[in-house]
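Each chain is listed here by its residues.
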Amino acid sequence: CRYWEPSKGEIRKRKQSDNNYLNMLRTPLFLLCAAGAAAFAPQSSLANSRRTALRAELGDEVKTAAEKFTEPGRNPNNPALPELKGDYDWDEKFAADPDWLSDNVPGKVVLNEVELAAQVSALGKLEEEWRKERLNEEYDDARILGWTGMAETYNSRFAMFFLVVGLLTEYWTGVTIPGQIEEMLRVGGFIGPDF
């Protein structure tokens, strides 16, 4: 019994169609991989540290340049704002308004020692709570493995990347995503061949 063998012309046509198909896939897959790689690039603080160092070096020059270009009648600290001349007395302006508070205004109230101690204690508790939050955030940012925000971000990026790759492969080849998974398991040797 003799096995059927394709002719040389058929082999050449098949190779050409395979090459055309591969050329059609290469460019979009390359662009997709490049875009995906950019999503996984670590966010370096090197650029931020260089920017901060540059600001520290040029701080005095920037201040003198701002002083040179401030217009008269503008605030020297913030040239976008008008210049403030003296302290304005708002109490005098709105003294006739019954809704205007002039007694027990926050920031102008004189506290006794007991109220001041209670306020300091409450602020100390708040500061301790925020310090613990900050330490927890720093600890979570430093962790690499486990249920961390960075691990969840990478997991979601990988999932979206491979979903897009699966959908594009299904579009180009006509093989569904479950069919692609089955093919990968067969190639990997996890599923035996069909006899």
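Computed from a predicted structure; not experimentally measured.

So, how was this worked out
- Residues numbered from 1 in each chain as written.
- Predicted model: local features only at pLDDT ≥ 70, side-chain atom pairs only at ≥ 80, totals over all residues.
- Heavy atoms only, no water.
- Helix = DSSP H or I, 4+ residues; strand = E, 2+ residues; numbered from the N terminus.
- Buried < 20%, exposed > 50% of the residue type's maximum accessible area, 1.4 Å probe, protein only.
- Contact = heavy atoms within 4.5 Å.
- Salt bridge = Lys/Arg side-chain N within 4 Å of Asp/Glu carboxyl O.
- Patch = residues over 30% accessible without salt bridge, like charges linked within 9 Å, V, L, I, M, F, W, Y side chains within 5 Å.
- Areas by Shrake-Rupley, 256 points an atom, 1.4 Å probe, with all protein chains shown as cover.
- Lys, Arg positive; Asp, Glu negative; His and termini not counted.
- Charge placed at Lys NZ, Arg CZ, Asp CG, Glu CD.
- Phe/Tyr/Trp six-rings, centres within 6.5 Å; stacked < 30°, edge-to-face > 60°.
- Expected span 1.5 Å × (residues − 1).

Here we come to the overall build of the protein. The secondary structure content of the protein amounts to 6 helices and 0 strands. Taken from the N to the C terminus, the helices and strands of the protein come in the order α-α-α-α-α-α. In the protein, which comprises 195 residues, the proportion classed as buried is 5%. Within the protein, contacts between residues separated by at least 24 positions form 33% of all contacts whose residues are at least 6 apart in sequence.

Right, let's talk about the pattern of salt bridges for a bit. Across all of its chains, the model carries 4 salt bridges by this definition. Two residues, glutamate 128 and arginine 131, come together in a salt bridge whose shortest N-O distance is 2.6 Å. Of this pair, glutamate 128 and arginine 131 both sit in helix H4 (residues 113-142), 3 residues apart, which is roughly one turn of that helix. Judged by its relative accessible area of 36%, arginine 131 is partly exposed. A salt bridge links aspartate 140 to arginine 143; the nearest nitrogen and oxygen atoms lie 3.7 Å apart. With a relative accessible area of 27%, arginine 143 lands in the partly exposed category.

A grouping of Glu129, Glu133, Glu137 and Asp141 is seen on the molecular surface, where their side chains present a negatively charged patch. Tracing the chain through its elements places glutamate 137 in helix H4.

The subject of this paragraph is the packing of aromatic side chains. For the coordinates displayed, the defined rule picks out 3 aromatic pairs. On the numbers, 5.0 Å between centres and 80° between planes, the contact of phenylalanine 161 with phenylalanine 162 is edge-to-face. Three or more aromatic residues joined by ring pairs form one cluster here, namely Phe158, Phe161 and Phe162.

Here helix H5 (residues 149-173) contains 25 residues, and its C-alpha end-to-end distance of 36 Å stays within 8% of the 36 Å for a straight helix at 1.5 Å per residue. Among the residues trailing H5, glycine 174 stands out with phi positive, at a value near 85°.

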